[in-house]
Amino acid sequence: QAKSAGQSGAQYYSPEVGEATRRSTRLLHDLRLAVDREQLQLAFQPQLSLASGRAVGAEALLRWQTEEGRFVSPAQFVPVAEQSGLIVRIGRWVLRAALQALARLRAPDSRLRMAVNVSPLQFAQADFLDQVDEALALAQLPPQALELEITESVAMLGLERVTGLLHEIRARGIAVAIDDFGTGFSSLSYLDRLPADRLKIDRAFVSALEAGGGGARVAEMIVPLGRRLGMQVLAEGVETPNQAGLLRQLGCDEVQGYLYAKPMAFDALGRWLAAHPCD
Ligand code: C2E
Ligand code: MG
Ligand code: MG
Ligand code: MG
């Protein structure tokens, strides 16, 4: 208690901090059980080319439904899994399961890719590249079928180490995307040194586009910024045709969002892909 009170800057015991700690301890306990019982699942959200309207791939997103039938958001449990180290085990499973799903859906001549979120701790594992190779081999997919999504928070692992690893990943033909760009501790000089194929514009900027004013001006600069740094740009959280139109004017390459498709279960993704033109 004393420790968490100190970290929060409170001088006296704070009931809120105690309650928050208890809740995350409970969450972690339930999450461990769910992992043991293989109760985590993946949802898949299509990604499309803005110019052609064709599907280019899908992003794998963790889903956890508790024994009581409640869905816990990954925004809530991924940070807890990250702090406890459990994300390493979960992440290894996500890589394998996501690629296996793609292998079952992808025709031999298809260029569809699967985007997998990678947490900084998972990325920092000495055997991370082996995990990736193994997951591709198990699914019998070429490296081009995989895209790894990292966030700017990998910066904490040290620039040299991170760029070295990213070079190795891309040398294999695996794509790298910078996720949630603009929301973290963005440093443009750092971004310039991260070897990546794609910049994912966070949903916050996509909605700011329509709002006008300063937020919109910043949002408008991200597409040219990404392109200038030699990356393709994908906008996430596209919800309205108006947003899509603005993104098209800005020269954005790819889109993902409720306007096109919500994250869906494996079977639904199979039906969705069958009904839409795909790369
Ligand atoms: P993310 O990687 O930025 O994923 C995009 C999030 O935006 C997803 O939330 C997705 O469902 C949501 N989204 C997509 N389109 C729209 C839209 O049009 N409107 C709105 N309102 N939301 C949209 P989700 O699935 O709740 O995931 C939240 C975050 O949890 C992810 O953000 C990612 O950071 C993390 N996460 C999910 N799966 C994994 C995983 O397998 N590993 C790791 N390390 N993190 C994961
Ligand atoms: Mg992502
Ligand atoms: Mg994102
Ligand atoms: Mg996000």
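Residues numbered from 1 in each chain as written. Chains lettered and ligands numbered in written order. Predicted model: local features only at pLDDT ≥ 70, side-chain atom pairs only at ≥ 80, totals over all residues. Heavy atoms only, no water.

Under an unreviewed UniProt entry, the protein chain has the name Diguanylate cyclase and belongs to Pseudorhodoferax aquiterrae.

Chemist: Could you clarify how one ought to interpret the overall build of the protein chain in this entry?
Modeler: Across its full length, the protein chain carries 12 helices and 9 strands. The globule rule puts the C-alpha radius of gyration for 279 residues at 19 Å, and the 19 Å found for the protein chain is close to it. If you line up the protein chain on its principal axes, its C-alpha atoms span 60 × 45 × 40 Å. Among the 279 residues that make up the protein chain, the fraction classed as buried is 46%. Carbon and sulfur atoms make up 52% of the accessible area of the protein chain, which totals about 14100 Å². Distance between charge centres in the protein chain, computed from 29 positive and 32 negative side chains, equals 1 Å. (Helix = DSSP H or I, 4+ residues; strand = E, 2+ residues; numbered from the N terminus. Rg over C-alpha atoms; globule rule 2.2 N^0.38 Å. Buried < 20%, exposed > 50% of the residue type's maximum accessible area, 1.4 Å probe, protein only. Areas by Shrake-Rupley, 256 points an atom, 1.4 Å probe, with all protein chains shown as cover. Lys, Arg positive; Asp, Glu negative; His and termini not counted. Charge placed at Lys NZ, Arg CZ, Asp CG, Glu CD.)

Chemist: Would you mind showing me how to read the pairing of strand 5 (residues 146-151) here?
Modeler: Within a regular strand, side chains alternate between the sheet's two faces. The buried fraction of strand 5 amounts to 5 of the 6 residues, a majority that puts the element mostly inside the structure. Relative to strand 5, strand 4 (residues 113-117) runs parallel, the two being bridged by 4 bridges. When the sheet's bridge partners are listed, V116 is paired in strand 5 with L148. Note that strand 5 and strand 6 (residues 175-181) share 5 bridges and pair parallel. If you follow I150 over to strand 6, its bridge partner there is I178. Viewed along the sheet, the connection from strand 5 through helix 7 (residues 159-171) into strand 6 turns out right-handed. (Pairing = 2+ DSSP bridges. Right-handed = clockwise from strand over helix to strand, strands pointing away.)

Chemist: Explain the coordination of the magnesium ion (ligand 2) to me, please; I cannot follow it from the model alone.
Modeler: A four-donor tetrahedral metal ideally has 109.5 degree angles, and a six-donor octahedral metal ideally has angles of 90 or 180 degrees. For the magnesium ion (ligand 2), the protein coordination sphere consists of E59 (OE), N117 (OD1), E149 (OE) and D179 (OD), at 2.0 to 2.2 Å. Donor residues for the magnesium ion (ligand 2), ordered by position in the chain, follow E-x57-N-x31-E-x29-D. If you look at the magnesium ion (ligand 2) and the magnesium ion (ligand 3), they sit 4.0 Å from each other and are both ligated by D179. Of the two residues, E149 sits in strand 5 while D179 sits in strand 6, which places them 30 residues apart along the sequence. Residue E149 shares its accessibility class with D179, and that shared class is buried. (Donors = N, O, S within 2.8 Å, 3.2 Å for Na, K, Ca; no water.)

Chemist: Got a minute to help me understand the site of ligand 1 in this structure?
Modeler: Near ligand 1 you find 22 residues, and of these R63, N117, D179, E239 and Y258 are the closest. At 3.0 Å, a side-chain N or O of E59 approaches an oxygen atom of ligand 1. Within the side chain of R63, one N or O atom sits 2.8 Å away from an oxygen atom of ligand 1. Contact with the protein chains removes 84% of the 810 Å² of surface that ligand 1 exposes when unbound. For the shell around ligand 1, the elements supplying multiple residues, two or more each, are strand 2 (55-65), helix 3 (74-84) and strand 6. Here the shell around ligand 1 gets 4 residues from one element, more than from any other, and that element is strand 2. Residues of the shell around ligand 1, tallied by class, amount to 9 nonpolar, 5 polar and 8 charged. (Near = heavy atom within 4 Å. Polar contact = N/O pair within 3.5 Å; in protein donor to acceptor, adjacent residues only side chain to side chain. Nonpolar A, V, L, I, M, F, W, Y, C, P; charged D, E, K, R; others polar.)

Chemist: Explanation requested: the packing of aromatic side chains in the structure shown.
Modeler: How two aromatic rings sit relative to each other is given by the distance of their centres and the angle of their planes. All chains considered together, the criterion is met by 2 aromatic pairs. Relative to F77, the ring of W64 lies with its centre 5.4 Å away and its plane at 90 degrees, an arrangement referred to as edge-to-face. Taken together, the residues span a long stretch of sequence, with W64 in strand 2 and F77 in helix 3 at a distance of 13 residues. Judged by its relative accessible area of 3%, W64 is buried. Look at F77 and you get buried, because its relative accessible area is 0%. When the centroid spacing of 5.5 Å and the interplanar angle of 55 degrees are considered together, the rings of F123 and F128 count as tilted. A residue is classified by how much of its surface remains accessible, and F128, at 0% relative accessible area, is buried. (Phe/Tyr/Trp six-rings, centres within 6.5 Å; stacked < 30°, edge-to-face > 60°.)

Chemist: Looking at this structure, how should I read the pairing of strand 4?
Modeler: Burial runs high along strand 4: 4 of the 5 residues are buried. The pairing of strand 2 with strand 4 spans 4 bridges and is parallel. If you follow G57 over to strand 4, its bridge partner there is R113.

Chemist: For this particular structure, what's the right way to read empty space enclosed by the protein?
Modeler: Going through the model one piece at a time under the given rule, you end up with 1 cavity of 30 Å³ or more. A volume near 40 Å³ is recorded for the largest cavity. The wall of the largest cavity is formed by G57, A58, L102, L105, L112, R113, M114, L269 and L273. Elements represented by at least two residues in the lining of the largest cavity include exactly strand 2, helix 4 (86-105), strand 4 and helix 12 (266-275). Here the residues of the lining of the largest cavity are counted per class, giving 7 nonpolar, 1 polar and 1 charged. (1 Å grid on protein atoms, 1.4 Å probe; cavity = no way out; pocket = protein on both sides within 12 Å on 5 of 7 lines; lining within 4 Å. Points joined across faces, edges and corners; volume = space filled by probe spheres on them.)

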